[in-house]
Amino acid sequence: MNYDILKKNFEKHGFHTAYFETGEKAVSYIKEMVKGKAVALGGSVTLQEIKLNEALDGECALTWHWLEPGAETLKKAKQAEVYICSANGVSETGEIVNIDGTGNRVSMTIYGPQKVYYLVGRNKISPDMHSALMRAKNVAAPKNALRLNRKTPCAANGGDRCYDCDSPERICRATVIQDRPCNGMEAEVVFINEDLGY
C-alpha cells in the first residue's frame, strides 16, 4: 500500500485520510474521534473483524443493524451524527465504490450524517476507478451474497464472480461511486495495512 499516493489523491478530492498499520490502532483512533457521539455502523465484515462495535460499546450511542436487525434499527441509524462503514472497492486515484441491496449503507455515505468514516484494508485498493468497480462487482458482492446465503448464481458458484443475474435475491441493486464528499458532509478514509473483509 502506497499511502503517499492514496493520501495525495484522496485529499485532492476533498477527503480526509489517516493510515494505520493494524486494525487495532485504527480502532483506537476511531474510538477517540467518536466518543460521546451518536454513531451508526454500516454492514461490514471489516468492522466485524476488527471488533469495532465492541470497542465502541459504552463510548458512544451506537446503532448497528447487525446487532439488532430490523427496520426500526435502520430508521434509528438515520439520526446518527457519524456513520462508519468500509468499502467494496477503493481506487488509488481517489474514488470509493460501494454496492448495496437495501440501500441503507450507500445512502448514509452520501446524505445525512455530519461525518462518514471509511475503514479500508489494503486488499480493497485497486489502481483506478474501473478496476475498483470490477473488484466491487466480482469480489465483494459475490462473497457477500454467499455469506448471506442468497439464491443467486454467484452464491451458487461459491462467490466466484458476478453473473449480472435477475434473481429476486440479488444484492447488487445500488452502486455508488463517490469521488468527492457530498456537500455539507465530511468524509475520512482510514487506510489499514491489513487484509480485511471482502
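Residues numbered from 1 in each chain as written. Predicted model: local features only at pLDDT ≥ 70, side-chain atom pairs only at ≥ 80, totals over all residues. Heavy atoms only, no water.

Draft legend 1. Just the sheet that holds strand E3 (residues 61–64), in detail. Taken together, six strands build an open sheet; the order of strands is E1-E10-E7-E4-E2-E3 and the sheet is parallel. In this open sheet, the two strands that pair with only one neighbour each are strand E1 (16–20) and E3. Neighbouring strand axes in the sheet, compared pairwise and without regard to direction, differ in orientation by 20° on average. Sheet topology note: the E1/strand E10 (residues 186–192) ladder contains five bridges and is parallel. Bridge assignment links His16 to a residue of E10, and that residue is Glu188. Sheet contacts for helix H1 (residues 3–12): E1 and E10; angle to E1, the most-contacted strand, approximately 165°. (Pairing = 2+ DSSP bridges. Helix = DSSP H or I, 4+ residues; strand = E, 2+ residues; numbered from the N terminus. Axes fitted to C-alpha atoms, helices over the stretch in contact; angles between N-to-C directions. Contact = heavy atoms within 4.5 Å.)

Draft legend 2. Main features of the nonpolar core. Val34, Leu52, Ile84, Leu119 and Val190 are the most contacted members of the largest nonpolar core, which has 22 residues in total. Only E1, helix H2 (23–34), strand E2 (38–41), helix H4 (52–56), strand E4 (82–85), strand E7 (115–121) and E10 provide two or more residues apiece to this core. The dominant element in this core, judged by the number of residues it contributes, is H2, at four residues. In terms of nonpolar packing, the next biggest core, distinct from the first, is built from 21 residues, Phe15, Ala40, Ile96 and Tyr118 among them. (Core = buried A, V, L, I, M, F, W, Y, C linked by side-chain atoms within 4.5 Å. Buried < 20%, exposed > 50% of the residue type's maximum accessible area, 1.4 Å probe, protein only.)

Draft legend 3. Main features of the packing of aromatic side chains. Enumeration according to the criterion identifies six aromatic pairs in this entry. Note on Phe10 and Phe15: the rings are 5.5 Å apart at their centroids and 65° apart in plane angle, and the pair reads as edge-to-face. Residue classification places Phe15 among the buried positions, given a relative accessible area of 2%. Seen from their ring centres, Phe20 and Tyr29 are 5.1 Å apart, and the 40° between their planes marks the pair as tilted. Assessed through its relative accessible area of 17%, Phe20 is described here as buried. On the basis of relative accessible area, Tyr29 is assigned to the partly exposed category, the value being 22%. Chaining the aromatic ring pairs together yields one cluster made of Tyr3, Phe10, Phe15, Tyr19 and Phe191. The ring of Tyr163 carries Arg161 above its face, with NZ or CZ at 3.9 Å from the centroid. (Phe/Tyr/Trp six-rings, centres within 6.5 Å; stacked < 30°, edge-to-face > 60°. Lys NZ or Arg CZ within 6 Å of the ring centre and 35° of its normal.)

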